[in-house]
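Working through the structure, step by step
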Amino acid sequence: DISIPLLSEILKDFGFATLLAGKWHMGYSSVEQEPYNRGFDETLFYHTGFHEYYNKQRCAPWSRFDAAAGATLNSTIRDIRNSLIHPFVLCGYDLTDENGEFFIDDTTYNEVIYTDKVKDFITTHKDDPFFVFYSMTTPHFPLVDPPSADTIDPSPDYTLCDGQSDPNRQKFCKMLQFAGSLIESIIEHLKDNDLYDNTIINIVSDNGAQPVSSAVFAGYGQTLPLRGIKASVMEGGIRTPAFMTGGIVDNFLDKYNNGNGCEYNGLMYIADWFTSILGMTKIKENTLDLDLDGINVWKDIKKYCKNGQRSNPNRRDEIIQMRMRNGYFYSTMIRNGEYKLVVNASRQASNPLIVSQLTGWVNPDYSFTPYPDLDSYNVNIQLFNSECYNQLSDDEKINPLNFETEEFMLFKIDEDPIEACNLLSNDVNGEYDDIFTQLFGRILDESVNYNGGGFGPAIPQSAMAQVLQFNCDLDKTMIVPWDDETETDWNIIWKTLIELKNSCDD
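What this report covers is the structure whose coordinates are included nearby. Since we're looking at a predicted model, the values are computed, not measured. (Residues numbered from 1 in each chain as written. Predicted model: local features only at pLDDT ≥ 70, side-chain atom pairs only at ≥ 80, totals over all residues. Heavy atoms only, no water.)

Our next topic: the overall build of the protein chain. Helix and strand counts for the protein chain stand at 16 helices and 15 strands. Computed over its C-alpha atoms, the radius of gyration of the protein chain comes to 24 Å, within 12% of the 23 Å expected for a compact globule of 506 residues. Oriented by its inertia axes, the alpha-carbon framework of the protein chain measures out at about 75 × 60 × 50 Å. Expressed as a percentage of the 506 residues in the protein chain, the buried residues total 48%. (Helix = DSSP H or I, 4+ residues; strand = E, 2+ residues; numbered from the N terminus. Rg over C-alpha atoms; globule rule 2.2 N^0.38 Å. Buried < 20%, exposed > 50% of the residue type's maximum accessible area, 1.4 Å probe, protein only.)

What follows covers the side chain of glutamate 235. Here glutamate 235 lies in helix α6 (residues 235-238). Taking relative accessible area as the criterion, glutamate 235 reaches 5% and is therefore assigned buried. When residues no more than four places from it in sequence are discounted, the contact partners of glutamate 235 are Leu226, Arg227, Lys340, Ile413, Pro417 and Glu419. (Contact = heavy atoms within 4.5 Å.)

Further remarks concern the packing of helix α3 (residues 75-84) against helix α16 (residues 490-503). α16 packs onto α3 with a crossing angle of 35° between their chain directions and a minimal axis gap of 10 Å. For the crossing formed where α3 meets α16, the hand is left-handed. Facing Ile77, Ile80, Arg81 and Leu84 of α3, the residues of α16 in contact are Asn491, Trp494, Lys495, Leu497, Ile498, Lys501 and Asn502. Looking at side-chain class alone, the contact of α3 with α16 contains six nonpolar, two polar and three charged residues. (Axes fitted to C-alpha atoms, helices over the stretch in contact; angles between N-to-C directions. Left-handed = near helix turned anticlockwise from the far one by under 90°. Nonpolar A, V, L, I, M, F, W, Y, C, P; charged D, E, K, R; others polar.)

Bringing unusual backbone geometry into the picture now. Geometrically, the link from threonine 138 to proline 139 is a cis peptide bond, its omega value of 0° lying close to zero. Among the structural elements, proline 139 can be located in the loop between β6 (130-135) and α5 (167-192). The step from leucine 224 to proline 225 runs through a cis peptide bond, and the omega angle for that step is 10°. Of note, proline 225 is situated in the loop between β7 (201-203) and α6. At asparagine 258, a position not held by glycine, the phi torsion is positive, near 55°. Structurally, the position occupied by asparagine 258 is in the loop between α7 (247-256) and α8 (272-281).

Considering all chains together, one arrives at five disulfides under this definition. Sulfur-sulfur distance for the disulfide between cysteine 161 and cysteine 173 comes to 2.1 Å. Every disulfide takes its handedness from the sign of the S-S torsion; for cysteine 161 and cysteine 173 that torsion is -80°, giving left-handed. With cysteine 161 in the loop between β6 and α5 and cysteine 173 in helix α5, the pair connects residues that are 12 residues apart, well separated along the chain. (Disulfide = S-S within 2.5 Å.)

Applying the stated rule across the entire model yields 26 aromatic pairs. Aromatic pair phenylalanine 141 and phenylalanine 217: ring centres 5.1 Å apart, planes at 85°, arrangement edge-to-face. Taken together, the residues phenylalanine 141 in the loop between β6 and α5 and phenylalanine 217 in the loop between β7 and α6 connect sequence positions 76 residues apart. When the ring of tyrosine 328 is compared with that of tyrosine 330, the centres are 6.2 Å apart and the planes differ by 55°; the resulting orientation is tilted. In this structure tyrosine 328 comes out as partly exposed when scored by relative accessible area, which is 32%. Feature note: the residues Tyr53, Tyr54, Tyr109 and Phe178 constitute an aromatic cluster, connected by ring pairs. (Phe/Tyr/Trp six-rings, centres within 6.5 Å; stacked < 30°, edge-to-face > 60°.)

What follows concerns the sheet that holds strand β10 (residues 328-336). Spatial ordering of the open sheet is given by β9-β10-β11-β14, a layout of four strands whose pairing is antiparallel. The open sheet is flanked by β9 (318-325) and β14 (408-412), the only strands paired with a single partner. When the angles between neighbouring strand axes are averaged without regard to direction, this sheet yields 10°. Relative to β10, helix α14 (residues 433-446) is tilted by about 120°, and along the sheet it contacts β9, β10, β11 (339-343) and β14. (Pairing = 2+ DSSP bridges.)

Of all nine residues in β10, seven are buried, a share of seventy percent or more. Direction of pairing for β9 relative to β10: antiparallel, over a ladder of seven bridges. Among the inter-strand pairings, arginine 325 is bridged to a residue of β10, identified as tyrosine 328. Between the antiparallel neighbours β9 and β10 lie two residues, among them asparagine 326 with a positive phi of about 55°. When β10 meets β11, the two strands line up antiparallel, connected through five bridges.

Set out below in structure tokens:
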């Protein structure tokens, strides 16, 4: 909804120079939705959920398009298409600048391009207040070998990854090391331009790790000893680390915390970054005339790190996520205070299919156990100590019946962060009835007039706009907005693709 201003638009209105580098993924059906029309002065971005690191392409299986076409698709056209273009997928190049022009580079590692863009932007605007949103691809699949260590300064230490026996996990580790060095190089660039002392740097993630759920979705991440994975409402899917640094943070800690770091374990929802960043800039929310869901948690963080107290108006006590279909809830949870209620967590958020890994303890290769992974738990017990799990005998800890997935599951997260003990399982005396009623009542209240969620079919107009931009030099289509396109006949779309591909040889 372009009528709702983004953070970038507000900051731009208040005199900040703004940059987006990396992933957009905020809609691109119309040119009006493009980031260069949503408050970003400069951009170098890709539209979709991910693209490949070197060739910048995003591929989608023919099956996705053909499912939308159904029986109307001509089998002869389909077979010619698959033979001429690719047996299994349609690939589109996806990298655009602030002029809406394609940035063509299908060989350089994308994070290097984005980091260079960030540094150039900082240099250009070193005398201006600025906001940089570097939406890193790393470590999103598809995994690749990053550039050699000697290509950047400071160099990543790839020997830190030698302990990984799985070559794909080693690749995952090296990608993270390379990304860390790029971030470090940006920080050094800020210092070289005497900007670091007046900067706040927030490093955040959007979801839990992605293991290898298929040949396409091969992430090799893992969230053990937490339960669940990306797309799950268990802690492994929604609980992510974040940290803040920069000269402003350093100076605050020097003044109030003897220069020591501060660990803040309060709740923070993604929408809270909107209001918290406004708070960091000292832009007052009440001057914006906006109905904001976010809380300026920055104030609570400062108060807690200053004297160990909390700021009641600026602390988050509740988070709700829900999906609904045909009147029932799935992939739904509410966290309120110390309690978390989970509803139909074994069904994934993009559709209501049951996936056992969503509520299991999952390894990078997608294998899982229906009970907590004891080895990873013991290694991480200081972070994720579970009081109730500790009380179980050795045999009880490996009995799947003690950790069954139920339609409703209630956890006391502060005391059981690995979600091992469903408080409703053996609650014969109704000890938690009031808690359940309160939490589920909040879900019902917030669900009024909501029936969202899910993953829609392929849109023919989008495919046609992509096809019409076929690039003979790259030998692929180009991903672009499509609101001006009207073609809905899949046979015409693929015939057009075939004709454009053949014309490259003329």
